[in-house]
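Chain by chain, the residues:
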Amino acid sequence: MLSRYFPKIDLPLISLWLAEIRLTKTNPVVFVLLPESAKERVPVIQGLFNDIDLPLLGAIFPALVTDAGFATDGITLMCFPEGTRHFLVDALDTRPESAVSEIADGLSEGEATPDLPGQQLFLIFDSMLPNTGSLLIQLFQHLGRRFSYAGVCAGSESFQPMPCLFDNHRLLANGALGIVINPATHIAVHHGYPVSKSLMRASSTVLNRIDKLDGQPAMSVYQRMIADEFGIALTPENFYDYAVHYPFGLISSLEVLVRIPVGFTDDGSIYCVGEIPPSSMLRLLKAPSLSASHCVNTVVDHLGGPQKSSLIAFYCAGRRMHFGQEASDELEDLRLSSGSTAICGALSLGEIGTYSDLGIPAFHNAALVCIR
């Protein structure tokens, strides 16, 4: 997959690069990654692609991933071959079932290329959707194991509503974008967060909001467990200092999914990135130190080991908040360990992987998503 990061949105230079791409590819489908600081440039990008008559897909993220680390300026472009199946749908917050049916129908009918064994569906959701996990299950019910699933969430790191997905003519919120990737492409998704001994039941939840844990206000239980296990006096004032380091672990049949708390209410409810099903079992997690993390090694193994090729990487915003300045060190470790000649991608707000044994998609937090 051809990709290129431009430190500045230089339209003549971008046009020249696209012209060079067209010498080797006929009518490529181009996926554009923009940092939040450049969100006002979407109409300009759309105008450029419409002028040269190229299909455009795009998403806005808090920041971009580059060879030099994280960048809040510039633009990244990724080129897919002509005939790559893709979609962009909106209103997943108000009509999830019909929108999921649209996606499934669009991928099943009028296909430019036939289904191939091992094909992969890469998804980009608006991070403000509170029901991403349910949407993934609905999509799996329609498509089954025709695809393996991977992806990320786009939007603002402030978790405030913002249109963040676009094509040649639209810029929309509460939607999803999808691209079918060929089977020869390797995708790895991993978080590597260790699990604590604590165990609690989410006795009352609504989508991504936990109202009660073990029958008590969620915030009071969360405060007590953090104090008992880690000696931390959690208060509403320091909630945002500690929550990213001590997320919940949602226990599934095959693994523990990270759920990072991102807000709370006066009545003791806690909001997380990602759904918490009613009556699910949770553990309290402690995010690892960089020196104790094996995430990069696991990702590189899943990619097939070190190779001299370009790498696309999406890095969770919550993971960056936890590691702080060391997040750039982890990116550099990823670049060196994978043998990559170049690395580009974005800071994500939720990640998607697939249970390999069952083929079912799962929604993660704190993960790395890498494509090669």
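First, a word on scope: everything that follows refers to the structure included in this document.

Criteria and thresholds
Residues numbered from 1 in each chain as written. Predicted model: local features only at pLDDT ≥ 70, side-chain atom pairs only at ≥ 80, totals over all residues. Heavy atoms only, no water. Helix = DSSP H or I, 4+ residues; strand = E, 2+ residues; numbered from the N terminus. Rg over C-alpha atoms; globule rule 2.2 N^0.38 Å. Buried < 20%, exposed > 50% of the residue type's maximum accessible area, 1.4 Å probe, protein only. Areas by Shrake-Rupley, 256 points an atom, 1.4 Å probe, with all protein chains shown as cover. Arc of directions from axis to C-beta. Contact = heavy atoms within 4.5 Å. Phe/Tyr/Trp six-rings, centres within 6.5 Å; stacked < 30°, edge-to-face > 60°. Salt bridge = Lys/Arg side-chain N within 4 Å of Asp/Glu carboxyl O. Pairing = 2+ DSSP bridges. Axes fitted to C-alpha atoms, helices over the stretch in contact; angles between N-to-C directions. Polar contact = N/O pair within 3.5 Å; in protein donor to acceptor, adjacent residues only side chain to side chain.

### Thoughts on the overall build of the protein
- Counting its regular elements, the protein contains nine helices and 27 strands.
- In summary, the protein has a C-alpha radius of gyration of 20 Å against a globular reference of 21 Å for 372 residues, a match within 12%.
- The buried share of the protein, reckoned over its 372 residues, is 53%.
- Element-wise, carbon and sulfur atoms account for 53% of the exposed surface of the protein, whose accessible area totals about 15200 Å².

### Structural notes on helix α2 (residues 42-51)
- Among the residues of α2, those classed as buried are Val42, Ile45, Gln46, Leu48 and Phe49. For α2, the buried positions fall inside an angular range of 160° around the axis, keeping them on one side. Residues Pro43 and Asp51 are exposed on α2 and point more than 90 degrees away from its buried face.
- Looking at the buried side of α2, the elements it contacts are α1 (11-24), β2 (29-35), β3 (56-61), β6 (75-80), β10 (165-167) and β11 (171-172).

### Regarding the packing of aromatic side chains
- Going through the model one piece at a time under the given rule, you end up with eleven aromatic pairs.
- For the pair Phe70 and Tyr315, a centre-to-centre distance of 5.4 Å together with 75° between the ring planes defines the contact as edge-to-face. With Phe70 in strand β5 (residues 69-71) and Tyr315 in strand β23 (residues 310-316), this residue pair connects regions lying 245 residues apart in the sequence.
- Between Tyr240 and Phe264, the aromatic rings sit 6.1 Å apart at their centres with planes inclined by 35°, giving tilted as the arrangement. Remark: Phe264 occurs in strand β20 (residues 261-264) and Tyr240 occurs in helix α6 (residues 239-242); sequence separation between them is 24 residues.
- Residue Tyr240 is classed as partly exposed on the basis of its relative accessible area of 49%.
- Using a relative accessible area of 26% as the deciding quantity, one classes Phe264 as partly exposed.

### Examining the pattern of salt bridges
- In total, this model carries seven salt bridges according to the counting rule given.
- Between Arg170 and Asp167 there is a salt bridge, with the nearest N and O atoms lying 2.8 Å from each other.

### As for the sheet that holds strand β8 (residues 120-126)
- An order of β7-β12-β8-β9-β25-β26 is seen for the six strands of this open sheet, with the pairing classed as mixed. Either end of the sheet is taken by a strand with one partner, and the two such strands are β7 (86-89) and β26 (361-364). Adjacent strand axes in the sheet meet at a mean angle of 15° when their direction is disregarded.

### Quick look at the sheet that holds strand β19 (residues 256-259)
- The strand order across the open sheet formed by four strands is β14-β22-β18-β19, and the pairing between neighbours is antiparallel. Since the sheet does not close on itself, it has two edges, and those belong to β14 (200-201) and β19, each with one partner.
- Note that strand β18 (residues 248-251) and β19 share four bridges and pair antiparallel. If you follow Phe248 over to β19, its bridge partner there is Arg259.
- Contacting β14, β18 and β22 (281-284), helix α5 (residues 218-230) crosses the sheet at an angle of about 45° to β22.

### Some remarks on unusual backbone geometry
- At Phe159, a residue that is not glycine, the phi angle is positive and equals roughly 55°.
- Mapped onto the fold, Phe159 is located in the loop between β9 (148-154) and β10.

### Notes on the environment of Asn27
- Relative to the helices and strands, Asn27 resides in the loop between α1 and β2.
- When residues no more than four places from it in sequence are discounted, the contact partners of Asn27 are Arg22, Leu54 and Glu82.

### Here's the deal with the side chain of His191
- Tracing the backbone shows His191 in the loop between β13 (187-190) and β14.
- Here His191 falls in the buried class, since its relative accessible area comes to 7%.
- Side-chain polar atoms of His191 contact the backbone nitrogen of Tyr193, separated by 2.8 Å.
- Within the local environment of His191, its side chain forms a polar contact with the backbone oxygen of Val256, the two atoms lying 3.0 Å apart.
- With residues near it in sequence (within four places) discarded, His191 still touches Glu255, Val256, Val258, Cys295, Arg319, His364, Asn365, Ala366 and Ala367.

By themselves these figures say nothing about function.
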